[in-house]
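So the chains spell out like this:
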Amino acid sequence: KHTYTFASTVKLGAGKTVTVYTGRGTNSSTRRYWGRSYGAVWNNTPPERAYLRNGAGTLMSSWSLY
């Protein structure tokens, strides 16, 4: 498992989108950069899933390509 943790200052409103990139870049309100320079996060084989949880650990949203 790989876990990206958003800074406490990041607020994502209902119906809004944020894209997390595994590489390096400049964070914005719609783009966040993990800063990884090693190892794959996605292996491009099913199942590929991502989960969005709030600070209490409650599942808020999920995504799957397959």
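Right, let's walk through the structure included here. (Residues numbered from 1 in each chain as written. Predicted model: local features only at pLDDT ≥ 70, side-chain atom pairs only at ≥ 80, totals over all residues. Heavy atoms only, no water.)

Details of the overall build of the protein chain
Basically, it comes down to this: Numbered from the N terminus, helices here are DSSP runs of H or I no shorter than four residues, and strands are runs of E no shorter than two. Relative accessible area decides the class of each residue, using a 1.4 Å probe on protein chains only: under 20% of the type maximum gives buried, over 50% gives exposed, and in between gives partly exposed. We call two residues contacting when some pair of their heavy atoms lies within 4.5 Å. The Shrake-Rupley method, run with a 1.4 Å probe sphere, supplies the accessible areas, and residue values consider only the shown protein chains as cover.
Across its full length, the protein chain holds 0 helices and 4 strands. Counting from the amino terminus, the protein chain carries its helices and strands in the arrangement β-β-β-β. With respect to the principal axes defined by its C-alpha atoms, the protein chain has extents near 30 × 25 × 20 Å. Expressed as a percentage of the 66 residues in the protein chain, the buried residues total 11%. Summarising the internal contacts of the protein chain: among those between residues at least 6 apart in sequence, 16% fall at separations of at least 24. Accessible surface computed for the protein chain: about 5,600 Å², of which carbon and sulfur atoms make up 50%.

Things to note about the side chain of arginine 36
Secondary-structure assignment places arginine 36 in the loop between β2 (31-33) and β3 (49-53). Setting aside residues no more than four positions away along its own chain, arginine 36 makes contact with His2, Thr22, Gly23 and Val41.

A look at unusual backbone geometry
Here the bond from proline 46 into proline 47 is cis, since omega is -10 degrees, no more than 30 degrees from zero. By the element assignment, proline 47 lies in the loop between β2 and β3.

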